[in-house]
Amino acid sequence: MIKLLLIILFCLMLSLANAQEKKTYFSEAISLNISSYKKKVSKAYRYENIERANFLFDSLVNHCLKGSYIDNFSINCLGKNKNCFNDYQKPIYLLTYASWCVPGKGEIPALNELSKKFKDQIDFIVLFWDKKDEVRKVAKEYHNSIDILYVNELDNRNAYIVKTMKHSLGFPTTFFIGSDKQILDISRTIILPYNSAYEKSYTLNYQNVSEGVSLILEHEEQLLNNKPFNLE
């Protein structure tokens, strides 16, 4: 009887350990929640309730997407030999974009400045959902400390993941990702009227990127503190 109880206890512990180890990926998390979110947010925009729309986005991120893991899907990188997201070993500051989007005056300069400062600790990536020729036209505005990726949905072999990433939250959207590929947060890029002063745009975007960098570095410090110490 005692032996049977021990076996049952062992099985329960093993089952619990496996459950704790199972990762939920972004594509899974967003698929479970995107339909309901889109219905509610469409209604909010229809009634021009921007505050409600922003609340729904934050709620989706905080309750459903934070803590999930970025999927490993195939990508193309201008000028570098990167083929998929798992090729990146450092934490990631990921900005998703499209070549036809017009960035704010201070957005790219702020990102360029901080990427130069933290390039040894964080991989800065701008991912364009576009064709190579279109991406080349806008890539020159970014500092070489930033990797410029492009994904053409029509010829990518990870079509389902790409479709989920591209069509769920829109763009520009920023993902803050740890070296363990866990999504720490997701935010909208600051959008100001195009006639806003450069100084205001730069300051707000610099602050926004800085907060994301701080979040990533705090996560990395926590990972380091939780890492078992091996005395060799």
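Every chain is numbered on its own, with residues counted from 1 as its sequence reads. The predicted nature of this model means local features are confined to residues of pLDDT at least 70 and side-chain atom pairs, given and counted, to a pLDDT of 80 or more, with totals for whole chains, interfaces and linings taken over all residues. Side-chain figures throughout are based on the complete set of non-hydrogen atoms in the structure, without hydrogens or water.

(A) Unusual backbone geometry, seen in detail. With an omega of 5°, the peptide bond running from phenylalanine 171 to proline 172 counts as cis. We note that glutamate 48 has phi near 55°; this positive angle belongs to a residue other than glycine. To qualify as a helix, a DSSP run of H or I must reach at least 4 residues; to qualify as a strand, a run of E must reach at least 2; elements of each kind are numbered from the N terminus. Tracing the sequence through the fold places glutamate 48 in the loop between α2 (26–46) and α3 (50–65). Of note, the phi angle at lysine 181 is positive, near 70°, even though the residue is not glycine. When you line up the elements, lysine 181 lands in the loop between β5 (173–177) and β6 (183–188). The class of lysine 181 is buried, set by a relative accessible area of 10%. Three labels apply to residues, based on accessible area from a 1.4 Å probe with only protein chains included: buried if under 20% of the type maximum, exposed if over 50%, partly exposed otherwise in between.

(B) Structural view of helix α7 (residues 198–226). The terminal C-alpha atoms of α7 lie 42 Å apart, and with 29 residues this matches the ideal 42 Å at 1.5 Å per residue to within 8%. Every buried residue of α7 is accounted for by Ser201, Asn205, Asn208, Val209, Gly212, Val213, Ile216, His219 and Glu220. Here a residue-residue contact requires only that any non-hydrogen atoms of the pair lie within 4.5 Å. Tucked into the core, α7 has its buried residues touching β2 (92–97), α4 (107–118), β3 (123–128), β5 and β6. Helix span is expected to be 1.5 Å times the residue number reduced by one.

(C) Inspection of the sheet that holds β5 at higher detail. Two strands are counted as paired when DSSP detects at least two bridges linking them. Spatial strand order, β1-β4-β3-β2-β5-β6: six strands in an open sheet with mixed pairing. Since the sheet does not close on itself, it has two edges, and those belong to β1 (76–77) and β6, each with one partner. Across five bridges, β3 lies against strand β4 (residues 146–150) in parallel orientation. Paired with leucine 127 across the bridge in β4 is leucine 149. Its contacts with the sheet place α4 against β2, β3 and β4, and it is angled at close to 145° to β3. Axis geometry follows a simple rule: fit a line to the C-alpha atoms, using only the stretch in contact for helices, then measure angles between N-to-C directions, giving values from 0 to 180 degrees. Relative to β6, α7 is tilted by about 170°, and along the sheet it contacts β2, β3, β5 and β6.

(D) Quick look at the environment of phenylalanine 176. Here phenylalanine 176 shows up in strand β5. Beyond its immediate stretch of four places on either side in the chain, phenylalanine 176 contacts Ile92, Tyr93, Gln182, Ile183, Leu184, Asp185, Ile186, Ser187, Gly212, Leu215 and Ile216.

(E) Just α2, in detail. Where α2 bends most, the angle comes to about 50°, and this point is isoleucine 34. Within the sequence span of α2, burial applies to Phe26, Ser27, Ala29, Ile30, Ile34, Tyr37, Val41 and Ala44. Given a residue, its bend is the angle between the two axes fitted to the seven residues that end at it and to the seven that start from it.

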